[in-house]
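So you can see what is in the structure, the chains are spelled out below.
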Amino acid sequence: MSKDTFDPTKYNNSNNEPFAAVMERELSRRSVLRAGMGMAAVGMLSTVGLTGCNSTDSVVETPKTKLGFDSIAGAKLDAVAVPKGYSAQVLAPWGTPLNDLAREWQADGSNTALDQANSLGMHHDGMHYFPLNGSSTDGLLCINHEYIDQSALHPAGPTKDGNSLRTILDEVRKEINAHGVTVVRIKQTNGIWDVVKNDSHNRRFTGATTMDISGPVADQTLLETPFSPNGDKVRGTLNNCGNGYTPWGTYLTCEENWPGYFVNTGTQTADQSRIGIDDKNTRYGWDDLAGNAAEINDEFKRFDITVKGSSAADDYRNEANGHGYIVEIDPYDNQSSAIKRTALGRFRHEGCVFGQVVEGKPIVFYSGHDSRFEYIYKFVSDVNWHAGDASRDDRLAVGAKYMDQGTLYVARFDDNGVGVWLPLTMTAVTKDQGVLADHFTNQASIILNTAGAADLVGATPMDRPEWAAVDPVNGAVYMTLTNNTKRTTETNPANPRLNNSTGHIIRWQEGDNAELFSWDIFVFGAAEDAAPDVNISGLAELNQFASPDGLAFDARGIMWMQTDNGAPELTEYTNDQMLAVVPSQLTTDNGELDTINSGNQTELKRFFVGPNGAEVTGLAFSPAQTDLFLNVQHPANWPYSSDATMDTPSNKTVRPRAATVIIRKNDGGEVGV
Ligand code: FEO
Ligand code: CA
Ligand code: CA
């Protein structure tokens, strides 16, 4: 962020300028090193130590953020663990009613599709806190709901007939409604956070909500369906994994493993076979009820994208063309539609984060494609940033300005820490010295098959790109590469370990040339007792981790890393976890940014451990940095109490519910320091 970005205090009656904004203003005009010249460190970019309040020095000095907690041990409980002096409250679990149209959540799983459409969805994932009136005790939480656990969603799992086909409409509708995004107002009263039921901001976007679509793919020939003859509307957002937000105050939800929700039993198009549309079944069998007498607007039929009629007016061949995007939502305007921004590419988007924001320079977004051997992308807006756009009320019009026209690039990581951004345009040169126009008819066709275009230009296949995060101190970009046990024969400089079961975090900095960057590997996940060529970063008991996934910086420059691990090297020691580090303060003798190594590994500390069975994901902060929000997804037997740290007794079984957890310091101070 910089001073130019959306300022949550714009609704604030007080004129308190957040400290982070002061720091960012001072740093915003400083440049990063040119590509290939090493990683610029905060030590080179900033001055030291905040001095007395009366200083008239024109240089405001940068604080040294220091982690102020002791790394905690791993844990394997039906409870969360936090450092001494902290509390953890369960908020807004799956099924919490948003309004009076929904019944209270029922522990027997009997809530209906209507209840679900008016309640928190399932499997919370990416998340952001949007303050109201600048408040750290009253705001809107946007929460992604990635997928569902059918056995927990229904009283006794999904109902099927003898041919294993779904038979109950309300069950399927409930599943569709459990997907998507929640916008919910939350408020703190007497130190306890709660959902504000019936607040006018509360709303759900589900797997069935009608949405707008913009950018190159917004074309009738690509999106026409019997439901949308003009091709201007699409239905639903699915498998919303990581998230982002924008400098102008909107939420971004990212469509990740959407291909599995559709089936084409006929001849697949190039983009369908490249992305992995199934040729036999849909993920949860929603299409089983196609043609049912009670079906409304082809609500189930649309998941079967097989060509059946003579034109797009006759079948749902185009339905999946409306999926696989970054979707923009204005949480402050409950009348606004969600908009799918197709210019940012179509793939399994894990997350989406904007790069350092500078007046007069383009806005940049980064997004990874989470699948084995897939790629890292960036989008660069055509227009340059104008600071006044951070405070406009027509936020989705600002989104159109910066997200509908621009250039999409894919990353190639070369030796010696140099990388190249390869444009995905009709004139882009391919590996065989042709151009993409030899393979595609227009930019829309490139976007539809983004990964196929990236293959042709020679992008670097990565070990499952997940979230990205941008250091507010120096603009360095970090991205988690969660793991890749299928890398059995060939490494590359950016993915150097065979059988990479524990993952790593890559880092890059942009140079003056938009098509070059410098990069290194910040940390390798590993068990402490792994061989030295695996535990390259020298991790020890109190910070060993595997499969990094969620990743975010707070405004003070603390990077928070969350895991989604299944590797036995670590599952024997601990459940999934969240760690913290201040990367800008790890510098080499040359003043360049350092990586995690045996000499500084104690700077990487474990802050949180999730309950049994759960993944730790999603991260948001209150502006005051006093409240850290994260999500516990797919727990096995939790939550037992509103106190997230309370272990479910061994003789008790609860219907598991994903939930947000709010972590605060018992003394009310800033979290983490
Ligand atoms: Fe939904 Fe890649 O995690
Ligand atoms: Ca994830
Ligand atoms: Ca993951």
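Summary of the structure given here. Only a predicted model underlies this, so the values are computations on that prediction, with no experimental measurement involved.

Reading guide: rules and limits
Residues numbered from 1 in each chain as written. Chains lettered and ligands numbered in written order. Predicted model: local features only at pLDDT ≥ 70, side-chain atom pairs only at ≥ 80, totals over all residues. Heavy atoms only, no water. Helix = DSSP H or I, 4+ residues; strand = E, 2+ residues; numbered from the N terminus. Rg over C-alpha atoms; globule rule 2.2 N^0.38 Å. Contact = heavy atoms within 4.5 Å. Buried < 20%, exposed > 50% of the residue type's maximum accessible area, 1.4 Å probe, protein only. Arc of directions from axis to C-beta. Core = buried A, V, L, I, M, F, W, Y, C linked by side-chain atoms within 4.5 Å. Donors = N, O, S within 2.8 Å, 3.2 Å for Na, K, Ca; no water. Tetrahedral: all angles 85-135°; square planar, octahedral: opposite > 155°, others 65-115°. Pairing = 2+ DSSP bridges. Axes fitted to C-alpha atoms, helices over the stretch in contact; angles between N-to-C directions.

### Some points on the overall build of the chain
Scanning the chain from N- to C-terminus turns up eleven helices and 30 strands. Against the 2.2 N^0.38 benchmark of 26 Å for 673 residues, the chain shows a C-alpha radius of gyration of 24 Å, consistent with a compact globule. Projecting the C-alpha coordinates of the chain onto the three principal axes gives extents of approximately 75 × 65 × 55 Å. For the chain, contacts bridging at least 24 residues in sequence account for 65% of all contacts bridging at least 6.

### Here we look at helix H8 (residues 395-403)
Along H8, the residues that are buried comprise Arg395, Leu396, Val398, Gly399, Tyr402 and Met403. The buried residues of H8 occupy an angular sector of 150 degrees when the element is viewed end-on, so they sit on one face. Tucked inside the fold, the buried residues of H8 contact strand S10 (251-255), strand S11 (326-329), strand S12 (339-341), strand S14 (362-368) and strand S16 (376-384).

### Things to note about the nonpolar core
Core analysis: the largest hydrophobic core is formed by 79 residues, its most contacted members being Phe262, Trp286, Phe365, Tyr377, Val410, Leu424 and Leu436. With residues up to four places along the chain from it excluded, the contact list for Phe365 reads Tyr245, Thr246, Trp248, Leu252, Leu344, Cys352, Val353, Phe354, Tyr377, Lys378, Phe379 and Met403. By size, the runner-up hydrophobic cluster in this structure holds 28 residues, among which are Ala88, Phe621, Leu630 and Ile663.

### Some points on the coordination of the calcium ion (ligand 3)
Within the protein, the atoms that donate to the calcium ion (ligand 3) are Glu466 (OE), Asp549 (OD) and Asp564 (OD), at distances of 2.3 to 2.6 Å. The metal-metal distance between the calcium ion (ligand 3) and the calcium ion (ligand 2) comes to 3.7 Å, with Glu466 coordinating both. Here Asp549 lies in strand S24 (residues 548-553) and Glu466 lies in strand S20 (residues 465-470), a separation of 83 residues in the sequence. The exposure classification of Glu466 matches that of Asp549, with both residues buried.

### Description of the coordination of the calcium ion (ligand 2)
Six octahedral donors at a metal ideally form angles of 90 or 180 degrees, and four tetrahedral donors ideally form angles of 109.5 degrees. With distances of 2.4 to 3.2 Å, the protein atoms coordinating the calcium ion (ligand 2) are Cys241 (SG), Glu350 (OE), Glu466 (OE), Asp549 (OD) and Asp549 (OD). One can describe the site at the calcium ion (ligand 2) as irregular: its six donor atoms subtend angles covering 50 to 163 degrees at the metal.

### Details of the sheet that holds S20
Pairing is antiparallel in the open sheet, where nine strands are placed in the order S13-S14-S16-S17-S18-S23-S22-S21-S20. Of all strands in the sheet, those bounded by a partner on one side alone are strand S13 (353-354) and S20. The pairing of strand S22 (residues 504-510) with strand S23 (residues 516-524) spans seven bridges and is classified as antiparallel. When the sheet's bridge partners are listed, Trp508 is paired in S23 with Trp519. The sheet contacts of H8 involve S14 and S16, and relative to S16 the element is tilted by about 105 degrees.

### Regarding unusual backbone geometry
Glycine aside, a negative phi is what most residues show, and trans is what most peptide bonds show. In this structure, the amide linkage connecting Trp638 to the following residue, Pro639, adopts the cis form with an omega of 5 degrees. Mapped onto the fold, Pro639 is located in the loop between strand S29 (627-633) and strand S30 (659-665). The phi torsion at Asn297 lies on the positive side, around 55 degrees, for a residue other than glycine. As for its placement among the helices and strands, Asn297 is situated in the loop between helix H7 (270-275) and S11. Despite not being glycine, His634 has its phi angle at roughly 40 degrees, a positive value. With respect to the element layout, His634 can be found in the loop between S29 and S30.

### As for the pairing of strand S7 (residues 210-214)
Across two bridges, the pairing between S7 and strand S8 (residues 234-235) is antiparallel. In the sheet register, Met211 faces S8, and the bridge partner there is Val234. Sheet analysis places S7 next to S12, joined by three bridges and oriented parallel. If you follow Ser214 over to S12, its bridge partner there is Arg341.

### Let's talk about the side chain of Asn239
Looking at the element boundaries, Asn239 is found in the loop between S8 and strand S9 (240-245). Apart from the residues within four sequence positions on either side, Asn239 is in contact with Glu146, Tyr147, His179, Cys254, Glu255, Glu256, Asn257, Trp258, Tyr261 and Arg283.

### Quick look at the environment of Asp78
Looking at where Asp78 falls in the secondary structure, it is placed in the loop between helix H2 (42-45) and strand S1 (86-91). The class of Asp78 is buried, set by a relative accessible area of 14%. Each C-alpha atom of the pair Asp78 and Ala644 lies 9.3 Å from the other, and the pair is 566 residues apart in sequence. Those residues in contact with Asp78 that lie beyond four places of it in its chain are Pro611, Asn612, Asn637, Trp638, Met646, Asp647 and Thr648.

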